[in-house]
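Residues per chain, in single letters:
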2 protein chains.
Amino acid sequence: MTKEEFRKRAHELADWMADYLENKESYPVTPRVKPGEIYSKFPDLAPELPESFDTIMQDFQRDILPGMTHWQHPSFFGYFPANNSEPSILAEMLMATLGAQCMSWLTSPAATELEEKVCDWLRDAKGIDPSWKGSIHDTASTATLSALIAARERATGYEINHRGFTGKEKFRVYASSQVHSSIDKAVKIAGIGLENLVKIPVDEHFALVPDELEKAIQADREQGYLPLMVISALGTTSSTAVDPIADITRICDRENIWHHIDAAFAGTALLLPEYQHLIEGHEGADSYVFNPHKWMMTNFDCTIMYLKDPRGFVHTFSSNPEYLKTRQDEEVNNYRDWGIPLGRRFRALKLWFVIRSYGLEGIRLKIQGHLDLARKAEKWIRNEENLEILAPVNFNTLCFRYVSENTSQEELNSLNEAWMNAVNQSGKAFFTHTKLNGNFVIRWVIGQTDVEEKHIQEAWVLLVDTLKATRKGF
Amino acid sequence: MTKEEFRKRAHELADWMADYLENKESYPVTPRVKPGEIYSKFPDLAPELPESFDTIMQDFQRDILPGMTHWQHPSFFGYFPANNSEPSILAEMLMATLGAQCMSWLTSPAATELEEKVCDWLRDAKGIDPSWKGSIHDTASTATLSALIAARERATGYEINHRGFTGKEKFRVYASSQVHSSIDKAVKIAGIGLENLVKIPVDEHFALVPDELEKAIQADREQGYLPLMVISALGTTSSTAVDPIADITRICDRENIWHHIDAAFAGTALLLPEYQHLIEGHEGADSYVFNPHKWMMTNFDCTIMYLKDPRGFVHTFSSNPEYLKTRQDEEVNNYRDWGIPLGRRFRALKLWFVIRSYGLEGIRLKIQGHLDLARKAEKWIRNEENLEILAPVNFNTLCFRYVSENTSQEELNSLNEAWMNAVNQSGKAFFTHTKLNGNFVIRWVIGQTDVEEKHIQEAWVLLVDTLKATRKGF
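Residues numbered from 1 in each chain as written. Chains lettered and ligands numbered in written order. Predicted model: local features only at pLDDT ≥ 70, side-chain atom pairs only at ≥ 80, totals over all residues.

**Concerning the relation of the copies chain A and chain B**
Part 1 of the argument: Under the fitted operation, chain A is carried onto chain B by 0.0 Å of movement along the axis and a turn of 180°, and the coordinates agree to an RMSD of 0.0 Å. Seen this way, the second copy is the image of the first under a two-fold rotation axis. Relative to the rotation axis, the C-alpha of A:Gly167 is the closest in chain A, positioned 1.7 Å from it.
Part 2 of the argument: By residue overlap, the copies meet face to face through one surface: 100% of the interface positions of chain A are interface positions in chain B. (Least-squares fit on C-alpha atoms with pLDDT ≥ 70 in both. Contact = placed C-beta atoms within 7 Å.)

Set out below in structure tokens:
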């Protein structure tokens, strides 16, 4: 493609993008396609000859677009959002054009230094200890895995990095029973093993019980285990439960255990000063992760992890082969050593665009708006006789279900699942589920960039109407 | 930012992007900034109030752009390229707009199925066994780490995932002495330890010597070690040496060792049928990784890893917490289980745009052009009395240095380093270095999307002129 054609096509796409953002509500949130349907639309072999951009865009619109789940639809209420925004998309356009690979300071000084700056900005705005330093990762899964590896190495004087496990290390890792599956994955990868991830009981709010944690640590010590890390959640995935950070820090400090705080989704709420009490006591912890790509209008992927002691962390991951050495290595941050992958995108740019375009005040207004909508939806649900909310609404996530007397948990679960599937099949909204104490609950996460009261009102009508139809079918 | 303003700004950026691509040669390849200079340009605290897009763009142009290393400059000859292209950038615009998070089939069916299709296309175009299946990762570091973990689990019946290391597993991993630092990092993370990464001697072409590999495996077996994995390189990072894939496969097959082929950079050359003999015998290997984001005009990040047995691999990484379960789980690929991170971008879209826009023929022409330019530059260097090329030119990477009689290796190294630094400081071209047998060599990688003969001619004149000046200073 010539540079002239690129200009023409980029303008065409600018309009396509603006049109899409204006009309994103007109798409079904999830598509009506069957497994294999899209795969089979394309030829078995790659084209030998160039195809025109018009052809490619026609195919994109005809074959790809109708097969997409529209994550930016205001009525996407599933999982946690990965909400984007106009300034973030514009930054992605520049990032893609510059095509910089930001593994080292030298490979893009501005990217490295802007990364340090925006991480500092958000640290201070969130009330995180000003001595901590952040860097950007792709996802919380990878960042948390890297924290676990760093904890493992700190505990062994970096010996596993050198010699591998010897069998003497009987590590234990602790998290609540509500812990995210990425922690299961991390203990597996790190060689610690799922059996050594101890799931601590939670209270009626699904928050870790510190006494139970202490008991588990004590029991493990007596059996010769080495407690390595506690992962606390500031907003669990199922129900956004908040573990008692200060209590856990106190235990970890006394026991010399790495305390990692997983605030992947809810961490954005700390931009509101009234939520910052939730991380009181974090100063004694070791690491804290949150995803601007979930609820801070910044395109996926963009995770920030803050560290109390970046030096020990970097020591875990640094390698300095001849072909990567630069003259500045002693004076700069080479962020390749702050995590697992070597190559890195210029993700700081989109954060910078988002923070400056919204201003902290604008971001706060946006998330406060989501929290307000969640309060409204909560009231509607609580006012319905046959609906119940099964977890505290700590942020903007509601866990609710239909309930009726003299119906078994199994039947209720089937009915609620059928209800959710019927709602989703309408294409007008999208919810996902979890189980709390064995009960199937629908999760309603109100965090899309453009979600407004009308969207939750429409979703509410849809829910109520669909429930009636679903109950008839049972 | 309103949707109306977005449209206006997207058009402004479309022009900015087209201008940048037209004028990218006018920037110094690496910037003239000192560590800390850019960081200090920005205020200590994030802005409270929204700032206008004009202000942000002004700051971007004034403060960020002059601090960038321009990876897309045709005279960027360092590291390996991360070359992009117009169709890829256009696809990134759509990806950012859709903002889809493609962890599961349901979270974007079209993304999942297009990923399978483009991986199949490239597999067949590269002559990889048609029974293998690919998926997209961020980087080769992460993909290779995941292959190592899968090998570890296959060898232990998934026991380390469950119980952690017990101390009985005395694993050994093998690679040539030229192995990439990401393998060092991977054996550390996987709990195997650097001491158990056995670096096998290379021949005069920097390729692994199969006899030495056999000897090392034999010696380890006698000492009670369990040989786990061999990483062979199709194009090492230092000098693009090619290990004997067929010989290594034969050894690995006999010894029941996982054979991982790292073709991160040079793998793109397999699109040219005359290079496909390099992977003869790969059918018996287990995994193969290459980076379209290096030399295939596809924006970073985009790595593909092909697997002979995806089921065992997926078994290593799969987790199915309640909140991620979908009704289609039995019939579809959920690519979150094909690697380490949970969240995933819609990277297949840019590959599809690139492959269709260029056609396989267009991609082949482009890389053949780079290979031809490298042959030319090779001749120029070989014709200079005081220059020598210290490694075979297997693809488009030249490893050369200035040499003179009666000069110590140390002095020569200093002189060559000073020479390279002086060239780089001109801002007209950018080279990086490595060491081969202790000799400092300059690496000249000719793989930028828009590099033409005039760029290598100018670089050659710059090299020769700068050498004269550098020698005077010594």
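**Comments concerning the domain arrangement of chain A**
Part 1 of the argument: Taken domain by domain, chain A comprises domain 1 (1–30 + 69–83 + 363–474), domain 2 (33–65) and domain 3 (100–345).
Part 2 of the argument: Once you take the C-alpha centre of each, domain 2 of chain A and domain 3 of chain A turn out to be 41 Å apart. (Domains from an automatic or database assignment.)

**Overview of the pairing of strand E10 (residues 432–436) of chain A**
All names here are of chain A.
Part 1 of the argument: Across 5 bridges, E10 lies against strand E11 (residues 439–445) in antiparallel orientation. Paired with Lys-435 across the two strands is Phe-440, which belongs to E11.
Part 2 of the argument: Count of turn residues in the E10/E11 antiparallel hairpin: 2 residues, of which Asn-437 carries a positive phi of about 50°. (Pairing = 2+ DSSP bridges. Helix = DSSP H or I, 4+ residues; strand = E, 2+ residues; numbered from the N terminus.)

**Here we look at the packing of helix H3 (residues 86–98) of chain B against helix H12 (residues 348–383) of chain B**
The relative placement of two packed helices is expressed as an angle between their axes plus a distance between the axes.
All names here are of chain B.
Part 1 of the argument: Two elements in contact, H3 and H12, have axes separated by 8 Å at closest approach and are oriented at 150°. Overall, the two elements H3 and H12 adopt an arrangement that is roughly antiparallel. Between H3 and H12 the crossing geometry is right-handed. Residues Pro-87, Ser-88, Leu-90, Ala-91, Glu-92, Leu-94 and Met-95 of H3 touch H12, and the partners they reach there are Leu-349, Lys-350, Phe-353, Val-354 and Ser-357. (Axes fitted to C-alpha atoms, helices over the stretch in contact; angles between N-to-C directions. Parallel < 35°, antiparallel > 145°, perpendicular 65-115°, else oblique. Left-handed = near helix turned anticlockwise from the far one by under 90°.)

**Quick notes on the pairing of strand E6 (residues 287–290) of chain A**
Residues and elements named next belong to chain A.
Part 1 of the argument: The two faces of E6 match: Ser-287 and Val-289 on one face and Tyr-288 and Phe-290 on the other face are all buried.
Part 2 of the argument: Sheet topology note: the strand E5 (residues 258–262)/E6 ladder contains 3 bridges and is parallel. Residue pairing across strands places Asp-262 opposite Val-289, the latter belonging to E6.
Part 3 of the argument: The pairing of E6 with strand E7 (residues 303–307) spans 4 bridges and is antiparallel. Note on E7: the bridge partner recorded for Phe-290 is Ile-304. (Buried ≥ 20, exposed ≤ 12 C-beta atoms within 10 Å, placed from the backbone.)

**Observations regarding the packing of helix H5 (residues 140–155) of chain A against helix H7 (residues 181–189) of chain A**
All names here are of chain A.
Part 1 of the argument: Two numbers describe how H5 lies on H7: the axes approach to 9 Å, and their chain directions differ by 45°. Considered as vectors, H5 and H7 are oriented oblique to each other. The handedness of the crossing between H5 and H7 comes out as right-handed. Contacts between H5 and H7 involve Ala-140, Ser-141, Thr-144, Leu-145 and Leu-148 from the first element and Ser-182, Ile-183, Lys-185, Ala-186, Val-187 and Ile-189 from the second.
Part 2 of the argument: For the contact of H5 with H7, the residue count by class is 7 nonpolar, 3 polar and 1 charged. (Nonpolar A, V, L, I, M, F, W, Y, C, P; charged D, E, K, R; others polar.)

**Examining the sheet that holds strand E5 (residues 258–262) of chain B**
Residue and element names in this part refer to chain B.
Part 1 of the argument: With mixed pairing, 7 strands are arranged side by side in an open sheet as E1-E7-E6-E5-E4-E2-E3. Each edge of the sheet is formed by a strand with only one pairing partner; in this case those strands are strand E1 (133–137) and strand E3 (197–200). Put simply, the sheet's adjacent strands are angled 20° from each other on average, direction ignored.

**A closer look at the sheet that holds E7(A)**
Residues and elements named next belong to chain A.
Part 1 of the argument: Strand order in the open sheet formed by 7 strands is E1-E7-E6-E5-E4-E2-E3, with mixed pairing between adjacent strands. The open sheet has two free edges, formed respectively by strand E1 (133–137) and strand E3 (197–200), since each of these has just one partner strand. Strand-to-strand, the axes of this sheet are offset by a mean angle of 20°, without reference to chain direction.
Part 2 of the argument: Pairing between strand E4 (residues 226–233) and E5: 5 bridges, direction parallel.

**Observations concerning the interface of chain A and chain B**
Part 1 of the argument: Opposite the 125 residues of chain A that make contact, chain B presents 126 residues.
Part 2 of the argument: By residue class, the composition of the side of chain A that touches chain B is 63 nonpolar, 35 polar and 27 charged.

**Side note on helix H2 (residues 53–64) of chain A**
Part 1 of the argument: Where H2(A) is concerned, the buried positions are A:Phe53, A:Ile56 and A:Ile64. Down the axis, H2(A) shows its buried residues gathered within 60° of arc, on one side only. Turned more than 90 degrees off the buried face of H2(A), the exposed positions are A:Asp54, A:Gln58, A:Gln61 and A:Arg62.
Part 2 of the argument: Here the buried face of H2(A) lies against helix H1 (3–23) of chain A together with helix H4 (109–125) and H12 of chain B. (Arc of directions from axis to C-beta.)

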